[in-house]
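Summary of the model geometry
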Number of protein chains: 2
Amino acid sequence: MIVVKVGGAEGINYEAVAKDAASLWKEGVKLLLVHGGSAETNKVAEALGHPPRFLTHPGGQVSRLTDRKTLEIFEMVYCGLVNKRLVELLQKEGANAIGLSGLDGRLFVGRRKTAVKYVENGKVKVHRGDYTGTVEEVNKALLDLLLQAGYLPVLTPPALSYENEAINTDGDQIAALLATLYGAEALVYLSNVPGLLARYPDEASLVREIPVERIEDPEYLALAQGRMKRKVMGAVEAVRGGVKRVVFADARVENPIRRALSGEGTVVR
Amino acid sequence: MIVVKVGGAEGINYEAVAKDAASLWKEGVKLLLVHGGSAETNKVAEALGHPPRFLTHPGGQVSRLTDRKTLEIFEMVYCGLVNKRLVELLQKEGANAIGLSGLDGRLFVGRRKTAVKYVENGKVKVHRGDYTGTVEEVNKALLDLLLQAGYLPVLTPPALSYENEAINTDGDQIAALLATLYGAEALVYLSNVPGLLARYPDEASLVREIPVERIEDPEYLALAQGRMKRKVMGAVEAVRGGVKRVVFADARVENPIRRALSGEGTVVR
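Treat the numbers as computed from the prediction; the structure is a model and nothing was measured.

Turning to the pattern of salt bridges, a few remarks are in order. Counting across every chain of the model gives 44 salt bridges over all chains. As a salt-bridge pair, Arg258 of chain B and Asp20 of chain B come within 3.3 Å of each other at their nearest N and O atoms. In this pair, Arg258 of chain B is assigned in helix H8 (residues 256-261) and Asp20 of chain B in helix H1 (residues 14-26), connecting sequence segments 238 residues apart. When its relative accessible area of 30% is taken as the criterion, Arg258 of chain B is described as partly exposed. Given a relative accessible area of 1%, Asp20 of chain B falls into the buried group. Each of Arg68 and Glu72 of chain A together with Glu88 and Lys92 of chain B takes part in one network of salt bridges that share partners.

Residues and elements named next belong to chain A. Taking the numbering used here, the UniProt-annotated feature "site: Transition state stabilizer" corresponds to Lys5 and Lys231. Sequence-wise these annotated residues cover 227 residues; spatially they are packed, their C-alpha atoms never more than 12.3 Å apart. With respect to the helices and strands, the residue Lys5 is situated in strand E1 (residues 2-6). Owing to a relative accessible area of 9%, Lys5 belongs among the buried residues under this scheme. Of the polar contacts made by the side chain of Lys5, one reaches the side chain of Asp172; its length is 2.6 Å.

With that settled, consider the confidence of the model for chain A. Put simply, chain A has an average pLDDT of 95, and 100% of its residues get 70 or more. Reported confidence for the predicted complex is 0.97 by ipTM and 0.97 by pTM.

Turning our eyes to something else, we now look at the sheet that holds strand E13 (residues 186-191) of chain B. Residues and elements named next belong to chain B. Reading across the sheet, the eight strands line up as E5-E10-E2-E1-E13-E15-E16-E14 and stay open at both edges, with mixed pairing between neighbours. Each edge of the open sheet carries a strand with a single partner, namely strand E5 (97-101) and strand E14 (209-210). Pairing analysis gives two bridges linking E14 to strand E16 (residues 266-268), with the strands arranged parallel. Bridge assignment links Glu209 to a residue of E16, and that residue is Val267.

Bringing the interface of chain B and chain A into the picture now. Contacts between the two partners involve 38 residues from chain B and, on the opposite side, 38 residues from chain A. Regarding the contact of chain B and chain A, the summed buried area is about 3,000 Å², with carbon and sulfur atoms giving 63% of it. Considering only the surface of chain B that becomes buried against chain A, Met76, Lys84 and Glu88 of chain B emerge as the three largest contributors, covering 19% of it. For the pair chain B and chain A, the interface holds four salt bridges.

This brings us to unusual backbone geometry. A cis amide bond links Tyr200 of chain A to the next residue, Pro201 of chain A, at an omega of 0 degrees. Topologically, Pro201 of chain A is positioned in the loop between strand E13 (186-191) and strand E14 (209-210). Residue Pro158 of chain B follows Pro157 of chain B across a cis peptide bond; omega there is 5 degrees. Along the chain, the position of Pro158 of chain B falls in the loop between strand E10 (152-156) and strand E11 (159-161). Backbone geometry at Arg106 of chain A places phi at a positive 50 degrees, although glycine is not the residue there.

Residues and elements named next belong to chain A. Taken from the UniProt record, the annotation "binding site: substrate" applies to Arg64 and Asn168. These annotated residues cover 105 residues of sequence, and their C-alpha atoms all fall within 8.5 Å of one another, placing them together at a single site. As for its position among the elements, Arg64 is in strand E4 (residues 62-64). The class for Arg64 is buried, based on a relative accessible area of 9%. Beyond its immediate chain neighbours, meaning those up to four positions away, Arg64 contacts Ser38, Thr41, Asn42, Pro52, Arg53, Phe54, Thr70, Asp130, Thr132 and Asn168. A distance of 2.8 Å separates a polar atom in the side chain of Arg64 from a polar atom in the side chain of Asn42. If you trace the backbone, Asn168 turns up in the loop between strand E12 (166-167) and helix H5 (171-181).

Calculation notes
Residues numbered from 1 in each chain as written. Chains lettered and ligands numbered in written order. Predicted model: local features only at pLDDT ≥ 70, side-chain atom pairs only at ≥ 80, totals over all residues. Heavy atoms only, no water. Salt bridge = Lys/Arg side-chain N within 4 Å of Asp/Glu carboxyl O. Helix = DSSP H or I, 4+ residues; strand = E, 2+ residues; numbered from the N terminus. Buried < 20%, exposed > 50% of the residue type's maximum accessible area, 1.4 Å probe, protein only. UniProt positions renumbered as here; feature names shortened; annotations may be inferred. Polar contact = N/O pair within 3.5 Å; in protein donor to acceptor, adjacent residues only side chain to side chain. pLDDT = per-residue confidence, 0-100. Pairing = 2+ DSSP bridges. Contact = heavy atoms within 4.5 Å. Buried area = accessible area lost by both parts, 1.4 Å probe.

Take a look at the structure:
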């Protein structure tokens, strides 16, 4: 099993991703695709007069403030625009793709975080009523049913809360959860940069490899800070959880998945 | 099997539809839901600065002009907003719903009509490059797989063309095709009126019954004209194709499906 997360930033070459994924699928490789959609959500939200707002958490992470209206825009872009674009491109390339959100068949279920801590003017405040959360359960039986019948699942947030509400959840975390669940050969994160960059956005500062057993070394610990912290620690956790390797790679090029699998990008193992 | 098409006009009580569908599903009734989304597509298209345009065909029917941008808005509303709203409401009511478009798993495949005839200022013209068409094939194996595993499918256009393009197709026709394929007990069309009205929009002119064997009688033939032609003839065809009865009923009320099944509305049999 190979799990591929296609990021939602500007510059992603969806045609190349679909072509590469379809060609692997036709060779019999079992694949799960997970995708984002943040840049297009921002655009649509602006156009609909409900501009995006973000919260900076005390730990430094940034997340989208998700009121009910934002959640609906999120669903329109992730489940409608981006998911169906990928499914259509995959069908064009001969792969029988099937797009699902976490709501469908209770595929991703998790805990809603109704109170979210954030930092404003140096003070920690609490935002209530947010529709965000973390996936804790996967309906693996549904994925197995579709995989065994020969389909290529294309998966997207939102997830379903334990109270049966749609919640905005992190696609990177979903991909890691799936890769761990399947003990995947590889978990590939595709985005609009060549991998993890020691000095973002300097692409010459690409980190080639992060050996998990040396993550406590000062050289590697320095990478697991700031904006890369969540990505690096998520990858380390996935490898510790049984995923053979995690690769952060470029989605702006031809054959992005095969390149990642051949080691182009940042390999965590 | 009962096939329910939920219209996309203003005033549909989605909560009531979901509650009723979930309660039937929990009793073990096999259900397929198909839905529309036209009114909300119009609103979103206006808000995004790409207002809806419609073509009047020589036969009198009206259809949405669907360029690629309109198709994307259509997908956002049908596959994103409306489909996920229904799936979420059904999950809240305890039914394990799963939402799919016609692209997913090649569920609905059909012929793209690239050249569409329309009437303007009394002249017949041809519009080219439209992404519309008619569904001719259903991936019944996929529906059976999901039904047998206990899921409640919630289905929506677009369909996939034979050239693997997404195409805007008529949800009423999809519902009739599904009902015929399954030899359904009932095909229920829910909208924002109590059924077929002899003198639209006068709700007192509700037609109680259309006996298919008497469709050629002047009394009934008169109903199969103008704006009701497609609906009436579609229902007649479905009944001739093996569907036990077709009911046009109200989606603004509580228990809309059970009411339709008990004969409230217009019954074609």
